[in-house]
Amino acid sequence: MTDIRTQPEVHGFGLGLRAWDAADADVLLRGVTDPEYLRWNTPLGPITDLADAHATIRYRTEGRLRGDLAQYAVTEGGVVVGGVGISGIDRHMCKASVGYWVLPGLRGRGIATRALELCTRWAFEQEGLHRIELGHAVDHIASCRIAERCGYAYEGTRRDGMHQAQRPGTYRDAHLHARLATDPYPDPGPYAGADPDGDLRADAAPGPDSHAGADPDRDPPAGPGTATAPGITSQ
């Protein structure tokens, strides 16, 4: 088991996950100011310029050191393509929430699906979490499909479960999905990239868009308690 405070790098499904760095501020700003991102997410505080982006990265570093969250930059070929992470970590109940997003222009390639699956397996196998929840606005169909592809079962609708886009204090219904460490892994089958619909697929190893579940997109099935799934490595 890894120590979340060290936030190890994670690799698999053609992607890498690493901690956000100050040098990534411009990429983060581009992602969270994209109109499609803003349509589905209402950050706790506005991120409108590089100073805000740097402050957000510092906040994430501080949260990681406290053990509260682990927000990752998603990379492909060493280039940041989006973000994924867990937050609201409850060590007593061994549960957390997950969110993800992909940069504009890179959606439709299965990045969100692969990043979500990679982060999920890391959280279960290396961080010892038992339950991870994923919420999204009820009309965010793409995010609903990503959740289902990654084995996040639909558990119901939370009335007024999240803010309206960029309108804190006003509300909209949200779907709740969740996955347990004891649930069977998705069976993505072999892949070489991803199809336009974002189905689970892999490149270097057999094994796993649009963008986000609410923020702050194939190996053989592996059962609970197994070692890290083939194709996933932590450093």
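Residues numbered from 1 in each chain as written. Predicted model: local features only at pLDDT ≥ 70, side-chain atom pairs only at ≥ 80, totals over all residues. Heavy atoms only, no water.

**Considerations on the pattern of salt bridges**
Item 1. Applying the stated criterion to the full structure yields 11 salt bridges.
Item 2. Residue Arg18 pairs with Asp24 through a salt bridge whose shortest N-O separation is 2.8 Å.
Item 3. The exposure class of Asp24 is buried, given its relative accessible area of 7%.
Item 4. One connected set of salt bridges, linked through shared partners, spans Glu76, Arg109 and Arg114. (Salt bridge = Lys/Arg side-chain N within 4 Å of Asp/Glu carboxyl O. Buried < 20%, exposed > 50% of the residue type's maximum accessible area, 1.4 Å probe, protein only.)

**Brief notes about unusual backbone geometry**
Item 1. At Phe13, a residue that is not glycine, the phi angle is positive and equals roughly 55°.
Item 2. For Phe13, a relative accessible area of 4% puts it in the buried group.

**Section: helix H5 (residues 141-149)**
Item 1. Those residues of H5 that sit buried are Ser143, Cys144, Ile146, Ala147 and Arg149.
Item 2. Of the surrounding secondary structure, the elements contacted by the buried residues of H5 are strand S5 (95-102), helix H4 (111-125), strand S6 (131-137) and strand S8 (167-180).
Item 3. Of the residues one or two after H5, Gly151 is the one with positive phi, at around 80°. (Helix = DSSP H or I, 4+ residues; strand = E, 2+ residues; numbered from the N terminus. Contact = heavy atoms within 4.5 Å.)

**Considerations on the confidence of the model for the protein**
Item 1. Per-residue pLDDT for the protein has a mean of 81; in total, 77% of the residues score no lower than 70.
Item 2. Low pLDDT, under 50, characterises residues 189-212; the predicted model gives this stretch 102 contacts beyond four residues in sequence or across chains.
Item 3. In this model, residues 214-230 is a region of pLDDT below 50 whose contacts with residues beyond four sequence positions or in other chains number 64 contacts. (pLDDT = per-residue confidence, 0-100.)

**Let's talk about the packing of H4 against H5**
Two quantities define a packed helix pair, namely the angle between the helix axes and the distance between the axes.
Item 1. Running from N to C, H4 and H5 point in directions that differ by 45°, and their axes come no closer than 9 Å. One way to sum up the angle between H4 and H5 is to call them oblique. As for how H4 packs across H5, the hand of that crossing is right-handed. Across the interface between the two elements, Ala112, Thr113 and Leu116 from H4 touch Ile146, Ala147 and Arg149 from H5.
Item 2. Taken together, the residues of the contact of H4 with H5 sort by class into 4 nonpolar, 1 polar and 1 charged. (Axes fitted to C-alpha atoms, helices over the stretch in contact; angles between N-to-C directions. Parallel < 35°, antiparallel > 145°, perpendicular 65-115°, else oblique. Left-handed = near helix turned anticlockwise from the far one by under 90°. Nonpolar A, V, L, I, M, F, W, Y, C, P; charged D, E, K, R; others polar.)

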